[in-house]
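Overview (structure and organization)
As a plain string of letters, each chain reads:
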Amino acid sequence: MTEKRTVVVTRGRRAAARKFAFTPQDVPAQGPLADVRRQAWELFASTPLPTTREEAWRRTDLRRMPLETFRLPTVETSAADVQPPPALLQPLAGQGYGGQLIHTPTGVTASLDEAIRARGVIFTDWATAERAHGDLLARLAGQVVRADEGKFAALAVALAQKGFLLYVPRGVQLEAPLHSVFWGAGGGLAHMTRLIIWLEEGAAATVVHEAASPDEADAALHAGLVEVHVGAGAHLRFVELQSWGRH
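Residues numbered from 1 in each chain as written. Predicted model: local features only at pLDDT ≥ 70, side-chain atom pairs only at ≥ 80, totals over all residues. Heavy atoms only, no water.

1. Considerations on the sheet that holds strand β7 (residues 204-212)
Our working definition: Two strands form a pair only when DSSP identifies at least two bridges running between them. For the purposes of this entry, the term helix denotes a DSSP run of H or I that reaches at least four residues, the term strand denotes a run of E that reaches at least two, and both are numbered from the N terminus. Simply put, an axis is a line fit to the C-alpha atoms, just over the touching stretch for a helix, and the angle between two N-to-C directions goes from 0 to 180 degrees.
Strand order across the open sheet formed by 5 strands is β2-β1-β5-β7-β9, with mixed pairing between neighbours. Each edge of the sheet is formed by a strand with only one pairing partner; in this case those strands are β2 (107-112) and β9 (235-243). With strand direction ignored, the average angle separating the axes of adjacent strands in the sheet is 10°. Where strand β1 (residues 99-104) lies against strand β5 (residues 178-183), 5 bridges are found, and the strand directions are parallel. Among the inter-strand pairings, His103 is bridged to a residue of β5, identified as Phe182.

2. A few points about the packing of aromatic side chains
Using the following cut-off: Each Phe, Tyr or Trp ring (for Trp, its six-membered ring) is paired with any other whose centre lies within 6.5 Å, and the angle between the two planes then decides the class: stacked below 30 degrees, edge-to-face above 60, tilted in between. Accessible area is worked out with a 1.4 Å probe on protein chains only. A residue is then buried under 20% of its type maximum, exposed over 50%, and partly exposed in between.
Following the criterion strictly, the structure yields 8 aromatic pairs and no others. A centroid spacing of 6.4 Å and a plane angle of 35° characterise the contact between Phe20 and Phe70, whose relative ring orientation is tilted. Taken together, the residues Phe20 in the segment before α1 (34-46) and Phe70 in the loop between α1 and β1 connect sequence positions 50 residues apart. Residues Phe20 and Phe70 agree in their burial class; the two are buried. Ring geometry for Phe20 and Phe152: centres 6.2 Å apart, planes at 85°, overall edge-to-face.

3. Let's talk about the nonpolar core
Convention followed: For the purposes of this section, nonpolar cores are sets of buried Ala, Val, Leu, Ile, Met, Phe, Trp, Tyr and Cys residues that join through side-chain atoms within 4.5 Å. Here, residues are in contact when the closest pair of their heavy atoms is within 4.5 Å.
Within the largest apolar cluster, 26 residues are counted, with the highest numbers of intra-cluster contacts made by Phe20, Phe22, Leu155, Leu159 and Met192. Looking at this core, the elements with two or more residues in it are α1, α5 (151-159), β6 (190-199) and β8 (221-230). With near-sequence residues (within four places) excluded, Met192 lies in contact with Phe22, Leu72, Leu155, Leu159, Ala160, Gln161, Lys162, Leu221 and Ala223. One finds Val168, Leu195, Val207 and Ala234 within the second-largest nonpolar core, a separate group that totals 19 residues.

4. Observations regarding the side chain of Glu216
Cut-off, in case you're wondering: Positive charges come from Lys and Arg alone, negative charges from Asp and Glu alone, with His and the N- and C-terminal ends not counted. What makes a salt bridge here is a side-chain nitrogen of Lys or Arg within 4 Å of a carboxyl oxygen of Asp or Glu, nothing more. Polar contact is defined as a pair of N or O atoms within 3.5 Å, subject to the rule that within protein one atom must be able to donate a hydrogen and the other to accept it, and that residues adjacent in sequence are counted only when both atoms are side-chain atoms.
The topology assignment puts Glu216 in the loop between β7 and β8. Of the buried charged residues, Glu216 lacks a salt bridge, with Arg71 as the closest side chain of opposite charge at 9.1 Å. Polar side-chain contacts of Glu216 include one of 3.4 Å to the backbone nitrogen of Gly187. Excluding anything up to four places from it in sequence, Glu216 contacts Gly184, Ala185, Gly186, Gly187, Arg246 and His247.

5. Focus: the pattern of salt bridges
Considering all chains together, one arrives at 9 salt bridges under this definition. In this structure, Glu42 and Arg38 form a salt bridge, with 3.4 Å as the shortest nitrogen-oxygen distance. Taken as a pair, Glu42 and Arg38 lie in helix α1 at a separation of 4 residues, close to a single helical turn. Several salt bridges share partner residues, and in doing so they unite Arg146, Asp148 and Glu149 into one network.

6. Concerning unusual backbone geometry
Backbone geometry places His247, a non-glycine residue, at a positive phi of 75°. Following the sequence through the fold, His247 ends up in the segment after β9. Owing to a relative accessible area of 46%, His247 belongs among the partly exposed residues under this scheme.

7. So, a nonpolar patch on the surface
Test applied: For patch detection, residues must exceed 30% relative accessible area and be free of salt bridges, and they are connected within 9 Å for like charges or within 5 Å for nonpolar side chains (Val, Leu, Ile, Met, Phe, Trp, Tyr). The protein chains shown are the only cover counted for residues, whose accessible areas, like all others here, come from Shrake-Rupley with a 1.4 Å probe.
On the surface, Leu92, Val239 and Leu241 cluster together to form a nonpolar patch covering roughly 230 Å² of accessible area. Within the element layout of this structure, Val239 appears in strand β9. Overall, Val239 belongs to the partly exposed group, its relative accessible area being 36%.

Any functional reading would require information that these geometric values do not contain.
So this is what it looks like as structure tokens:
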């Protein structure tokens, strides 16, 4: 007589999918990029986190990233000391800059030589670009990097709060360098930045962009895009430095 055996298969409870705490309400609903932001959000929401099975992420494991803790900067949530160290603002070479943008979690300080401005050059922070140069920004944004190139690209397109637009008209050649500093202070904050550098035919410029942060007790996040277009016969020197603090 053959004994009947009963096999019982149990399955553990499947863990809920981890996700960021951002919501559709975080996406700016107004401005020249409102539709682009909304579409990018939909891409972000429907795209899974990259894994080490993907070539670009083969050496970066995101499973321990505290996704649920990140929040967008506001005046209330940002660190009390949000100013970058003075050394970060000093020229890397030469006597000074033709223009400078200093980005902190709570605002932007901007300057541009009037002689440069008079030649039609636009060098301004992202929020001002959306407000004052919306048509130009809408035409240029996404020409180099698209939101569908990855989950974090879509996130940056949807939620970018900081960054800059540099537009140099045809034939305009700038001798003095331009400088941008992003100071990402604040543990637990998610910093979204987007840079567009667009040189028309025959233009020339030197741009230095520095991203840095202090050491933090809690993890912080930066997701950013850099879009660069150099027209025919144009010349760009672009230096990007990153000095992120611990965590």
